[in-house]
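Chain residues, written in single-letter form:
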Amino acid sequence: MNAKEVVEVYDHLLKKDQSISMDRLALLAKLEQAEDRGVKYTMTKLACTLGISPATCTVAVDNLEKKSLVTRSMNVSDRREVNIHLTERGKSFLQEVLS
């Protein structure tokens, strides 16, 4: 089985059992790594890091926010800037899926 097939199978299992895609799982993992390093991600920075459009990133974050896996917070010094944060539930979910 090649890497692409492994990803497709894993993606299928996650969609079925956990209701989350590989893209959204990657987003959660990236947020966890950022928090470990003390880095904050804006929507634009997160989209660039993941190699997706800001619109796609917004849809993904909307979906994850509905599941209480991430939150958004406005930057107090620049209200146009919104930071994305992994919630405790998001951390637990990520650990459960990856273990």
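The coordinates are above.
Now for a description of the structure that goes with this document. (Residues numbered from 1 in each chain as written. Predicted model: local features only at pLDDT ≥ 70, side-chain atom pairs only at ≥ 80, totals over all residues. Heavy atoms only, no water.)

1. Some thoughts on the packing of aromatic side chains
In the structure shown here, the tally under the stated rule is zero aromatic pairs. The ring of tyrosine 41 is capped by lysine 45, whose NZ or CZ atom sits 5.4 Å from the centre of that ring. (Phe/Tyr/Trp six-rings, centres within 6.5 Å; stacked < 30°, edge-to-face > 60°. Lys NZ or Arg CZ within 6 Å of the ring centre and 35° of its normal.)

2. Observations regarding the state of the cysteines
Inspection of the entire model under this criterion finds zero disulfides. Of all cysteine sulfurs, the one in cysteine 57 lies closest to cysteine 48, which takes part in no disulfide; the gap is 9.2 Å. Residue cysteine 48 is classed as exposed on the basis of its relative accessible area of 62%. (Disulfide = S-S within 2.5 Å. Buried < 20%, exposed > 50% of the residue type's maximum accessible area, 1.4 Å probe, protein only.)

3. Points about the nonpolar core
Of all hydrophobic cores here, the largest spans 21 residues; its most connected members are Leu27, Leu28, Leu31, Leu46, Val61 and Val70. Listed by contribution, the elements that provide at least two residues to this core are α2 (22-37), α3 (43-50), α4 (54-66), β3 (82-86) and α5 (88-98). Of all the elements, α2 adds the most residues to this core, at five residues. Setting aside residues no more than four positions away along its own chain, leucine 31 makes contact with Tyr41, Leu46, Val70, Ile84, His85 and Leu86. (Core = buried A, V, L, I, M, F, W, Y, C linked by side-chain atoms within 4.5 Å. Helix = DSSP H or I, 4+ residues; strand = E, 2+ residues; numbered from the N terminus. Contact = heavy atoms within 4.5 Å.)

4. Side note on α2
In a regular helix each residue adds 1.5 Å, so 16 residues correspond to 22 Å; α2 covers 23 Å between its end C-alpha atoms and thus fits that length. Burial in α2 covers these residues: Leu25, Leu27, Leu28, Leu31 and Ala34. (Expected span 1.5 Å × (residues − 1).)

5. A short note on the side chain of threonine 87
Here threonine 87 lies in the loop between β3 and α5. The exposure class of threonine 87 is buried, given its relative accessible area of 15%. Within the local environment of threonine 87, its side chain forms a polar contact with the backbone nitrogen of glycine 90, the two atoms lying 2.9 Å apart. Threonine 87 has contacts with Ser68, Leu69, Val70 and Thr71, leaving out every residue within four places of it along the chain. (Polar contact = N/O pair within 3.5 Å; in protein donor to acceptor, adjacent residues only side chain to side chain.)

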